[in-house]
Amino acid sequence: MVRRLAALTLATLAVTFCAIPAAHASAPDEPIGRGEVMDRAWSWIEEQVPYSQTGCHNNPFGCYRPDCSGYVSMAWHLSSSLTTWSLWNVTFDIPADDLQPGDALLRDSGGVDHVALFVRWADAAHTRPVVREEYDFGHVAEESVWTDGLRGFAPRRYNQLDDLVPYGSIAVKYDSMGGPGSVLGRPVRGERDASLGGRFQEFENGIILWHPDVAYAVHGDILTTFWATDAERRWGFPTMDEADASRAPDGTRGRYQFFDRGLFLWSPSTGTHVVHDAIYDAFHAAGHESVLGYPTTDEVDETGGGRAQHFQKATIHWHPDKGTWITDN
């Protein structure tokens, strides 16, 4: 991930594409988002459009020549069906590791003249791309896995592809929060791979983090702590959005968010700390912050091989031989 969250690999992609969207967001040869590209590409697969180098296939997305380059021209909403040679003029080179849905794999050398749309990697090693393509005579538009790698094809990105437009499950979440008017603000980076098979997109004030098949927003001081403590590699993925926490005995009110392997608790006076594992179990059994208050520290070592975490009203101790117990502050 950007900054502290390393972009690793993806076996399955955080996208849900519609066959025919209710309305087109783009104009011919104008900026287009990845979600719209993939919706348009899916339409020919759903319709089982047969390959041909003559004529055009007409559907709600327009009339385009039903060969490989016409298919990509349709998906990118170009004003006409280009050829594999002329597609070079509307694209630019990108590293293979930066291939994203709606980018192209293009080749016109060594007796091969073909182009396909990249969908995702089928393997963590990035050796088997999943593509959408109009392949050859006798075939229909299809999604398939290239089991023999890129085969000399050049990764290319359409000049007018708007990488910032959210799509798929992340777009659904972003729109449900209010889009640019939400707490997240506007997108500042396109969707990319997170660790452990997830996807994320960064916005002005936070991120949306997806893992099959749900997406949640992380922002503010909770996000700062999440990034500073090795993010999803340590804590897993969020299982909910941030929400109001309970009132502590001294009146403190804060916010909380659960992740796969920990509870992030924040208040203005205590900051953000993570409660997890056996200490979380004891915290939960004792009544959470409404009884013990908010955590004032992360877990710390204690003499004798134990651990402890301090809260506003008490300290929870843990020892591998003794389990957990609570002492008043």
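Keep in mind the model is a prediction, meaning the values are calculated, not measured.

1. Observations concerning the pattern of salt bridges
- Inspection of the entire model under this criterion finds 19 salt bridges.
- Between Arg-156 and Asp-93 there is a salt bridge whose closest N-O contact spans 3.2 Å. Residue Arg-156 is found in strand β9 (residues 154-158), and its partner Asp-93 is found in strand β4 (residues 91-93); the two are separated by 63 residues along the sequence.
- The exposure class of Arg-156 is buried, given its relative accessible area of 7%.
- The exposure class assigned to Asp-93 is exposed, which follows from its relative accessible area of 52%.
- Salt bridges here are not isolated pairs; linked through shared partners, they connect Arg-34, Asp-98, Asp-103, Arg-157, Asp-163 and Arg-192.

2. Points about the sheet that holds strand β12 (residues 199-203)
- Judged by pairing direction, the sheet is antiparallel, and its four strands sit side by side in the order β11-β12-β13-β14 without closing on themselves. At either margin of the open sheet sits one strand with a lone partner, and together these are β11 (192-193) and β14 (214-219).
- Bridge count for β11 against β12 is two bridges, and the pairing is antiparallel. Paired with Arg-192 across the strands is Phe-200, a residue of β12.
- Helix-sheet contacts for helix α4 (residues 220-228) involve β12, β13 (206-211) and β14, and the interaxial angle to β14 is about 100°.

3. What to know about the environment of Phe-258
- Among the secondary structure elements, Phe-258 is positioned in strand β16 (residues 255-259).
- You can call Phe-258 partly exposed: its relative accessible area is 25%.
- Remark: the alpha-carbon pair of Phe-258 and Val-275, spanning 17 residues in sequence, is separated by 9.7 Å.
- Ignoring anything within four residues of it in the chain, the contact list for Phe-258 reads Pro-238, Thr-239, Met-240, Leu-263 and Tyr-280.

4. Examining the packing of aromatic side chains
- Across all of its chains, the model carries 13 aromatic pairs by this definition.
- Look at Tyr-51 and Phe-137: their rings are 4.9 Å apart centre to centre, the planes differ by 80°, and that puts the pair in the edge-to-face class. Taken together, the residues Tyr-51 in the loop between α1 (34-47) and β2 (57-59) and Phe-137 in the loop between β7 (129-133) and β8 (142-145) connect sequence positions 86 residues apart.
- You can call Tyr-51 buried: its relative accessible area is 11%.
- Measuring from centroid to centroid gives 5.2 Å for Phe-118 and Trp-121, while their planes differ by 65°, and the two rings are edge-to-face.
- In textbook terms, an aromatic cluster arises when at least three aromatic residues are bridged by ring pairs, as seen for Phe-226, Trp-235, Phe-259 and Phe-264.

5. Points about the state of the cysteines
- Under the criterion given, the structure shown has one disulfide.
- Here Cys-56 connects covalently by a disulfide to Cys-63, the sulfurs 1.6 Å from one another. Here Cys-56 and Cys-63 share a disulfide; its torsion about the S-S bond, 55°, makes the bridge right-handed.
- Accessibility expressed as a relative area gives 37% for Cys-63, which makes it partly exposed.
- Unpaired in terms of disulfides, Cys-68 finds its nearest cysteine sulfur in Cys-56, a separation of 16 Å.

6. A few points about α4
- All buried positions along α4 are accounted for by Ile-222, Leu-223, Thr-225, Phe-226 and Trp-227.
- Positive phi shows up at Asp-230, right after α4, with a value of about 75°.

7. A few points about the sheet that holds strand β21 (residues 314-319)
- Across the sheet, which stays open at both edges, the four strands sit in the order β19-β20-β21-β22 with antiparallel pairing between neighbours. With partners counted over all chains shown, the strands left at the sheet margins are β19 (300-302) and β22 (323-328), one partner each. The sheet shows a mean angle of 30° between the axes of neighbouring strands, direction not considered.
- By the bridge criterion, six bridges tie β21 to β22 in an arrangement that is antiparallel. The partner of Trp-318 across the bridge, within β22, is Thr-324.

Reading the values: rules and limits
Residues numbered from 1 in each chain as written. Predicted model: local features only at pLDDT ≥ 70, side-chain atom pairs only at ≥ 80, totals over all residues. Heavy atoms only, no water. Salt bridge = Lys/Arg side-chain N within 4 Å of Asp/Glu carboxyl O. Helix = DSSP H or I, 4+ residues; strand = E, 2+ residues; numbered from the N terminus. Buried < 20%, exposed > 50% of the residue type's maximum accessible area, 1.4 Å probe, protein only. Pairing = 2+ DSSP bridges. Contact = heavy atoms within 4.5 Å. Axes fitted to C-alpha atoms, helices over the stretch in contact; angles between N-to-C directions. Phe/Tyr/Trp six-rings, centres within 6.5 Å; stacked < 30°, edge-to-face > 60°. Disulfide = S-S within 2.5 Å.

Read these as spatial facts, not as claims about activity.
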